[in-house]
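Working through the structure, step by step
Residue-level listing of the chains:
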Amino acid sequence: NKQKTILDIAAMKQQREKISVLTAYDYPFAKLMDQAGIDMILVGDSVGSVVSGYDNTLPVTMEEMIYHTKAVARASEQALIIADMPFMSYQVSVAEARMNAGRLVKEAGAHAVKLEGGQPVAETIGAIVAIDIPVVAHIGLTPQSIHRMGGFKVQGRQEEQAKQILADAKAVEDAGAFAVVLEGIPRDLAKEVTESLSIPTIGIGAGADCDGQVLVIHDILGLCDKYSPKFVKRFADISGTVSQGISDYIDEVKSGDFPTIDHSFK
Ligand code: KIV
Ligand code: NA
């Protein structure tokens, strides 16, 4: 399978082929999803919640994003790799945003970066695209805005908010984003946004009419029982398997059944 590019992703919308996206933060998961044929891998700042144990994504740093992106990039041969720009890596100035986007590509090996926001970050998106770094936008429920939103709440239910989300979608497309994540918005609004744009929409908690779907790998595998939002479907439940393996190991160490002669050197 050859390396996918933003041209392949654009063509998928035209051909009405749904785009599959999952998050990964390390080599083994990235390898498995790349080999399974996933279209894009997102090294999400959700790493802060599902791997690092933070309450939200705000504490995630550039150094952490670079570390995880490097591991994913080493594992992937065909998927297009998107790295999230963490909170405060693109908000202060366009120059800093460009520098940090550049680090995710140059040092870490991402093919594209993603940042949150609509109209207010359109200029930043344009500046990053202008140095030939493809950008994915992210609108609707933007987790880095948790303190403004007052929690993780569905966005765009009121008329005024829905209009703003449509305007945000248009703004990020005009700024040059090659795709946009729609998170936590009503499915009818997501459909309207999807039909109004020529770039693909990637939904999470945004219904079936988006051009693609993204979910957090730990959520679909049942590896994260902290919370389980309505939009998550569990495609496997590996927590039980992992716990069983760990318990069996502990038992065999305690009993002396492990290691045997087979696991030992002469
Ligand atoms: O960080 C992340 O995992 C994301 C997706 C859920 C869209 O931004
Ligand atoms: Na994210």
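Criteria and thresholds
Residues numbered from 1 in each chain as written. Chains lettered and ligands numbered in written order. Predicted model: local features only at pLDDT ≥ 70, side-chain atom pairs only at ≥ 80, totals over all residues. UniProt positions renumbered as here; feature names shortened; annotations may be inferred. Helix = DSSP H or I, 4+ residues; strand = E, 2+ residues; numbered from the N terminus. Rg over C-alpha atoms; globule rule 2.2 N^0.38 Å. Contact = placed C-beta atoms within 7 Å. Buried ≥ 20, exposed ≤ 12 C-beta atoms within 10 Å, placed from the backbone. Domains from an automatic or database assignment. Axes fitted to C-alpha atoms, helices over the stretch in contact; angles between N-to-C directions. Parallel < 35°, antiparallel > 145°, perpendicular 65-115°, else oblique. Left-handed = near helix turned anticlockwise from the far one by under 90°. Nonpolar A, V, L, I, M, F, W, Y, C, P; charged D, E, K, R; others polar. Pairing = 2+ DSSP bridges.

Per an unreviewed UniProt entry, the protein chain goes by 3-methyl-2-oxobutanoate hydroxymethyltransferase and derives from Malonomonas rubra DSM 5091. The record in UniProt for the protein chain states the following under Subunit (unreviewed entry): "Homodecamer; pentamer of dimers." Per UniProt, the comment on the protein chain under Catalytic activity (unreviewed entry) is "(6R)-5,10-methylene-5,6,7,8-tetrahydrofolate + 3-methyl-2-oxobutanoate + H2O = 2-dehydropantoate + (6S)-5,6,7,8-tetrahydrofolate".

Examining the overall build of the protein chain
A count of helices and strands for the protein chain gives 11 helices and 8 strands. Since a compact globule built from 266 residues should have a radius of gyration of about 18 Å, the 20 Å found for the protein chain is in line with a globular shape. Along the first, second and third principal axes, the C-alpha set of the protein chain runs to 70 × 40 × 40 Å. Residue pairs in contact within the protein chain that sit at least 24 positions apart in sequence constitute 60% of those at least 6 positions apart.

What about the UniProt feature "binding site: Mg(2+)" (unreviewed entry) in the protein chain?
Under the local residue numbering, the UniProt record ascribes the feature "binding site: Mg(2+)" (unreviewed entry) to Asp45, Asp84 and Glu116. In terms of the greatest pairwise C-alpha distance, the residues named above, spread along 72 residues, form a tight cluster of at most 10.9 Å across. By the secondary structure assignment, Asp45 is in the loop between β2 (40–43) and α3 (47–50). If we skip the residues at most four places from it in the chain, Asp45 touches Thr57, Val60, Met65, Asp84 and Pro86. When the 24 C-beta atoms within 10 Å are taken as the criterion, Glu116 is described as buried.

Focus on the domain arrangement of the protein chain
Domain assignment breaks the protein chain into domain 1 (6–235) and domain 2 (239–266). Averaged C-alpha coordinates put domain 1 and domain 2 at centres separated by 40 Å.

Section: the UniProt feature "active site" (unreviewed entry) in the protein chain
UniProt tags Glu183 as "active site" (unreviewed entry). Given 23 C-beta atoms within a 10 Å radius, Glu183 is considered buried. Leave out the neighbours within four places in its chain, and Glu183 touches His138, Gly140, Leu141, Thr142, Ile204, Gly205 and Ala206.

Let's talk about the packing of helix α8 (residues 159–175) against helix α9 (residues 187–196)
At a minimum axis distance of 10 Å, the contact between α8 and α9 shows a crossing angle of 30°. Considering the angle they form, α8 stands roughly parallel to α9. Relative to α9, α8 is oriented so that their crossing is right-handed. Counting all contacts with α8, which are made through Ala162, Ile165, Leu166 and Ala169, the residues of α9 involved are Leu189, Glu192, Val193 and Ser196. Residues belonging to the contact of α8 with α9 are distributed by class as follows: 6 nonpolar, 1 polar and 1 charged.

With respect to the sheet that holds strand β7 (residues 201–204)
Sheet strands pair by backbone hydrogen bonding; their relative direction is either parallel or antiparallel. Taking strand neighbours around the barrel as the criterion, the 8 strands line up as β1-β2-β3-β4-β5-β6-β7-β8 in a closed arrangement whose pairing is parallel. Sheet twist, expressed as the mean angle between neighbouring strand axes with direction ignored, is 25°. Across 5 bridges, strand β5 (residues 135–140) lies against strand β6 (residues 179–183) in parallel orientation. Paired with Ala137 across the two strands is Val180, which belongs to β6.

Digging into the packing of helix α6 (residues 122–129) against α8
Two elements in contact, α6 and α8, have axes whose closest approach is 8 Å; the angle formed by their N-to-C orientations is 25°. The pairing of α6 with α8 is recorded here as roughly parallel in orientation. Pair α6 / α8 crosses with right-handed handedness. Contacts from Ala122, Ile125, Gly126 and Val129 of α6 reach α8 at Ala171, Val172 and Ala175.

Points about α6
Taken together, the buried positions of α6 are occupied by Ala122, Thr124, Ile125, Ala127 and Ile128. The inward-facing, buried residues of α6 abut α5 (94–106), β4 (112–116), β5 and α8.

Some points on the pairing of strand β1 (residues 19–23)
If a strand is regular, its side chains alternate between the two faces of the sheet. Among the 5 residues that make up β1, 4 are buried, leaving the element largely enclosed by the rest of the structure. Here β1 runs beside strand β8 (residues 212–215); their pairing, made up of 4 bridges, is parallel. Paired with Val21 across the two strands is Val214, which belongs to β8. The pairing of β1 with β2 spans 3 bridges and is classified as parallel. Paired with Val21 across the bridge in β2 is Met40.

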